[in-house]
Amino acid sequence: MNRNAVTPSPHPGCDIYYDGACPLCRAEMDFYRRIGTRARFHDLTADAEAPAGVCRADALARFHVTDAEGRVRSGARAFAELWKASPGGWRILGHVVAVPPFVWIGEVVYRLFLRVRPRLQRLYRRRPGVDH
């Protein structure tokens, strides 16, 4: 997969900023590209700039999206925007997750994921055929 700093889409619904050095993040963003998510994907490890108002370290530590109106979202709200820009059931899920109490629950789950992310990355890297 091409790891350019920015992968444009013909009709971007949002800008997605992700840690391209993370094999989990890279695989997930490749999935969203394949299904036709309307977004521009910015690999922060390939010299893409962080979203406005967010330092690079914070952008690498936590998932960020700039929505169609230019608002920066992170965590569960960022995933809701990503899913809204994705086709089919993902779009519906994005609209559901964007509202309380679902966005609050999603944020708790996301924060738990961030705690185990380093261990999951190590496990993922050990899989055969994974690009290190």
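Residues numbered from 1 in each chain as written. Predicted model: local features only at pLDDT ≥ 70, side-chain atom pairs only at ≥ 80, totals over all residues. Heavy atoms only, no water.

## Details of the overall build of the protein
The helix and strand inventory of the protein stands at five helices and five strands. Helices and strands in the protein line up, N terminus first, as β-β-α-β-α-β-β-α-α-α. For the protein, the residues scored as buried account for 39% of the 132 residues in total. Taking as baseline every contact in the protein between residues at least 6 positions apart, the subset at least 24 positions apart corresponds to 62%. For the protein, the exposed area adds up to about 7,500 Å²; of that, 58% sits on carbon and sulfur atoms. (Helix = DSSP H or I, 4+ residues; strand = E, 2+ residues; numbered from the N terminus. Buried < 20%, exposed > 50% of the residue type's maximum accessible area, 1.4 Å probe, protein only. Contact = heavy atoms within 4.5 Å. Areas by Shrake-Rupley, 256 points an atom, 1.4 Å probe, with all protein chains shown as cover.)

## Things to note about the packing of aromatic side chains
If you walk through the whole model with that rule in mind, you get eight aromatic pairs. Pairing Tyr32 with Trp90 gives two aromatic rings, centres 5.8 Å apart and planes at 80°, and the pair type is edge-to-face. Separated by 58 residues along the polypeptide, Tyr32 in helix α1 (residues 23-34) and Trp90 in helix α4 (residues 89-97) bring together distant segments of the chain. Residues Phe79 and Trp83 carry aromatic rings whose centres are separated by 5.7 Å and whose planes lie at 45° to one another, so their mutual orientation is tilted. (Phe/Tyr/Trp six-rings, centres within 6.5 Å; stacked < 30°, edge-to-face > 60°.)

## A closer look at the side chain of Asp15
Take Asp15: it is sitting in strand β2 (residues 14-18). Reaching out from Asp15, the side chain makes a polar contact with the side chain of Arg40 at a distance of 2.8 Å. At 2.7 Å, the side chain of Asp15 forms a polar contact with the side chain of His42. Discounting residues that sit within four places of it in the chain, Asp15 has contacts with Arg40, His42, His64, Val65 and Thr66. (Polar contact = N/O pair within 3.5 Å; in protein donor to acceptor, adjacent residues only side chain to side chain.)

## Considering the packing of helix α3 (residues 76-84) against α4
At their nearest, the axes of α3 and α4 sit 7 Å apart, and the two run at 145° to each other. Here α3 runs over α4; the crossing is left-handed. Mapping the contact onto sequence places Ala76, Ala80, Trp83 and Lys84 in α3 and Trp90, Arg91, Leu93, Gly94, His95 and Val97 in α4. Along the lines of polarity and charge, the residues of the contact of α3 with α4 split into six nonpolar, two polar and two charged. (Axes fitted to C-alpha atoms, helices over the stretch in contact; angles between N-to-C directions. Left-handed = near helix turned anticlockwise from the far one by under 90°. Nonpolar A, V, L, I, M, F, W, Y, C, P; charged D, E, K, R; others polar.)

## Let's talk about the confidence of the model for the protein
The predicted coordinates ought not to be read in detail in places where the model reports low pLDDT. Taken over all residues, the pLDDT of the protein has a mean of 88, while the share at 70 or more is 88%. Every residue in residues 7-11 is under pLDDT 50, and counting partners more than four places away or in other chains gives eleven contacts. (pLDDT = per-residue confidence, 0-100.)

## Observations concerning the environment of Val99
In this structure, Val99 sits in the loop between α4 and α5 (102-125). Separated by 22 residues in sequence, Val99 and Arg77 have C-alpha atoms that sit 9.0 Å apart.

## Side note on the nonpolar core
For soluble globular proteins, the rule of thumb is that nonpolar side chains tend to be buried together. Ile16, Met29, Phe41, Phe63 and Leu82 are the most contacted members of the largest nonpolar core, which has 19 residues in total. At the level of secondary structure, the elements contributing two or more residues to this core comprise β2, α1, β3 (39-43) and α3. In terms of residues, this core owes the most to one element, α3, which gives five residues. (Core = buried A, V, L, I, M, F, W, Y, C linked by side-chain atoms within 4.5 Å.)

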